[in-house]
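So you can see what is in the structure, the chains are spelled out below.
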Amino acid sequence: MIISSKGKKHLDGHKELTAHKEVLDLTNDKDVCEEIYVPVVAPNGKEMEVLVKEKDVVNVGTMLCKRLDFYVPVYSSVSGVVKGMKSMYNSALGKVCDHLVIENDFKYSEKLLKKVDYKETSKEELLELVKESGIVGLGGAGFPTYVKYSSDAKINSILVNGVECEPYLTTDYVTMKKEYSYLLEGCEILRKISEANEVVIAFKNNKKDLKELLDKELVNYPGIRVVEVKDKYPMGWEKALVKAVFKKNYDKLPSEVGVIVNNAQTIISVAKAIIDGEVISKRVITVSGDAVNPCNVLVPTFTLAKNILNKCGYLEEEVCVLAGGPMTSKANVSDEFCLQVNMGALTVMKKRKYDTLPCLGCGKCVENCPAGIQPIQIKKAFDNKDLKELEAFECSKCVECGMCSFVCPSKIELTDDIRRAKLYIRLSRSKEVK
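Note that the structure is predicted; figures quoted are calculated from it, not measured.

## Notes on the sheet that holds strand β16 (residues 319-322)
Then step 1. Taken together, the five strands give an open sheet; going across it, the order is β2-β15-β14-β17-β16, and neighbouring strands pair in mixed fashion. The open sheet has two edge strands with one neighbour each: β2 (24-25) and β16.
Then step 2. Lying over the sheet, helix α4 (residues 171-178) contacts β14 (282-289) and β15 (295-300), oriented at roughly 140° with respect to β14.

This is how it looks when you write it as structure tokens:
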């Protein structure tokens, strides 16, 4: 079955640059992985409790720190010695914060979590194991996985998001092909936890080899089915994908219509945690763009981006480095930042200068907005610092997909303006409360 949806646009994905190359394993490369750098501040800016100190010996799977807003433990991805703390740039926060520095001994001695037979384990214990494993959404959002399964909402379907609609990125695709058995077992584990009737694995209709691979296996998994969607952006956006697959709309959360959405690699990580007792200690990262030698690499989480990029080779003197895809990510001020668990790509683009023109009133930004808002009107309201107008135009509904900026013939950076407008609303309301 092939399903489409309104308001989507085909983009040149450039995925052929990395989709069929062998994954380059850098886990034992001393130039790349000599140290890891673990932020002790959560992605939302909240401080974390640090559980280790300088000179402590750690293993892969040693708990280093934990978030205090949500319970999310953070584990070491290498074995070695804690060298201390270093203040450095955090790409997720966009500012400098403290990081734990761990020297890699390259033994990768492992401290495993509790392993169980999920078929003989209660859904309550399975959920607790998912919580303790520290798994968060690996598609970029980084939301704690166990929280999605802690709701009292009636769940009919789990939707596995393997669409990977951002240009250049192929990390989900190559991982799903290699780890398909874990993908299917992870689906069964989460189906048991949620008591869902079915699991639906969605990916683009140009992944014929992946479909053929899964179709052969699904005869043994009657509760799982595959759905192909058209190659349109941003089909991987949660709300768009739910609408495309189930023909349902919701306000805030997919659980309102009986659905939980997880990234494909998140599902795989759940299976590895439950079956093998493994934490997320390494993952495949797509390194691509027009200013670097494209490849997929396997690295420990919290590896320094600069080391990976130097290994792949810059092709330009001046570049933009994005921790993610080119549509939704922001350019970093430096390449000296660690790749956190939910970061699946480094996209390196040539530096380009565009001359911005006045709005032509063409309506392309409105026509192509998947959230159904009016980007140019939001920009004008933000320019005037008109709080009431910003809220009237439902600025908060923007998912920062980048489509409005991409289609604008005047090269107006609408997405950046809307991002700043959302921050302006939050700060304004915060001052009112105080």
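## So, the pattern of salt bridges
Then step 1. Enumeration over the complete set of coordinates arrives at 24 salt bridges.
Then step 2. With its nearest N and O atoms 4.0 Å apart, the salt bridge here joins K148 to E238. Taken together, the residues K148 in helix α3 (residues 145-148) and E238 in helix α7 (residues 238-246) connect sequence positions 90 residues apart.
Then step 3. Here the residues in one salt-bridge network are K379, D383, D417 and R420, joined through shared partners.

## A word on helix α9 (residues 305-312)
Then step 1. The complete set of buried residues in α9 reads A305, N307, I308, L309 and C312.
Then step 2. On the buried face of α9, the contacting elements are α1 (30-33), β14, β15, β16 and β17 (345-350).
Then step 3. Trailing α9 by a residue or two, G313 shows a phi angle of about 95°, which is positive.

## Overview of empty space enclosed by the protein
Then step 1. Considering all chains together, one arrives at two cavities of 30 Å³ or more under this definition.
Then step 2. The computed volume of the largest cavity comes to approximately 310 Å³.
Then step 3. Those elements that provide at least two residues to the lining of the largest cavity are β3 (35-39) and β7 (72-75).
Then step 4. In terms of residue count, the dominant contributor to the lining of the largest cavity is β7 (four residues).
Then step 5. Considered class by class, the residues forming the lining of the largest cavity number 15 nonpolar, five polar and one charged.
Then step 6. A volume near 90 Å³ is recorded for the second largest cavity.
Then step 7. Lining the second largest cavity are 15 residues, with C369, P370, C398, C401 and C404 sitting closest to its centre.
Then step 8. Only α13 (403-407) and α14 (414-433) provide two or more residues apiece to the lining of the second largest cavity.
Then step 9. Class assignment of the residues belonging to the lining of the second largest cavity gives a composition of 12 nonpolar, two polar and one charged.

## Observations concerning the environment of L64
Then step 1. Inspection of the secondary structure assignment puts L64 in strand β6 (residues 63-67).
Then step 2. C-alpha separation for the pair L64 and T18, spaced 46 residues apart in sequence, amounts to 33 Å.
Then step 3. The residues touching L64, leaving out its near neighbours within four places in the chain, are V38, E49, V50, L51, V52, V58, V74, Y75, S76, L100 and I102.

## Considering the domain arrangement of the protein
Then step 1. When its domains are assigned, the protein resolves into domain 1 (2-15 + 113-276) and domain 2 (364-433).
Then step 2. Look at where the C-alpha atoms of domain 1 and domain 2 centre, and you get two points 30 Å apart.
Then step 3. At the interface, six residues of domain 1 touch eight residues of domain 2.
Then step 4. Taking both partners together, domain 1 and domain 2 bury about 680 Å²; carbon and sulfur atoms supply 76% of that area.

## Examining the packing of helix α5 (residues 180-194) against helix α6 (residues 208-217)
Then step 1. Contact pair α5 / α6: the axes reach a minimum separation of 11 Å and the direction vectors enclose 55°. Our classification of the angle between α5 and α6 gives oblique. At the point where α5 passes α6, the crossing takes the right-handed sense. Contacts between α5 and α6 involve Y180, L183 and L184 from the former and L213, L214 and E217 from the latter.
Then step 2. Looking at the contact of α5 with α6, its residues break down into five nonpolar, no polar and one charged.

## Some words on the pairing of β14
Then step 1. The element β14 is extensively covered by neighbouring structure, given that seven of its eight residues are classed as buried.
Then step 2. Across six bridges, the pairing between β14 and β15 is antiparallel. Pairing of V284 across the sheet is with L298, part of β15.
Then step 3. Hairpin remark: β14 followed by β15, antiparallel, with five residues in the connecting loop.
Then step 4. Where β14 meets β17, four bridges bridge the pair, whose relative direction is parallel. Paired with V287 across the strands is L346, a residue of β17.

Reading the values: rules and limits
- Residues numbered from 1 in each chain as written.
- Predicted model: local features only at pLDDT ≥ 70, side-chain atom pairs only at ≥ 80, totals over all residues.
- Heavy atoms only, no water.
- Pairing = 2+ DSSP bridges.
- Helix = DSSP H or I, 4+ residues; strand = E, 2+ residues; numbered from the N terminus.
- Contact = heavy atoms within 4.5 Å.
- Axes fitted to C-alpha atoms, helices over the stretch in contact; angles between N-to-C directions.
- Salt bridge = Lys/Arg side-chain N within 4 Å of Asp/Glu carboxyl O.
- Buried < 20%, exposed > 50% of the residue type's maximum accessible area, 1.4 Å probe, protein only.
- 1 Å grid on protein atoms, 1.4 Å probe; cavity = no way out; pocket = protein on both sides within 12 Å on 5 of 7 lines; lining within 4 Å.
- Points joined across faces, edges and corners; volume = space filled by probe spheres on them.
- Nonpolar A, V, L, I, M, F, W, Y, C, P; charged D, E, K, R; others polar.
- Domains from an automatic or database assignment.
- Buried area = accessible area lost by both parts, 1.4 Å probe.
- Parallel < 35°, antiparallel > 145°, perpendicular 65-115°, else oblique.
- Left-handed = near helix turned anticlockwise from the far one by under 90°.

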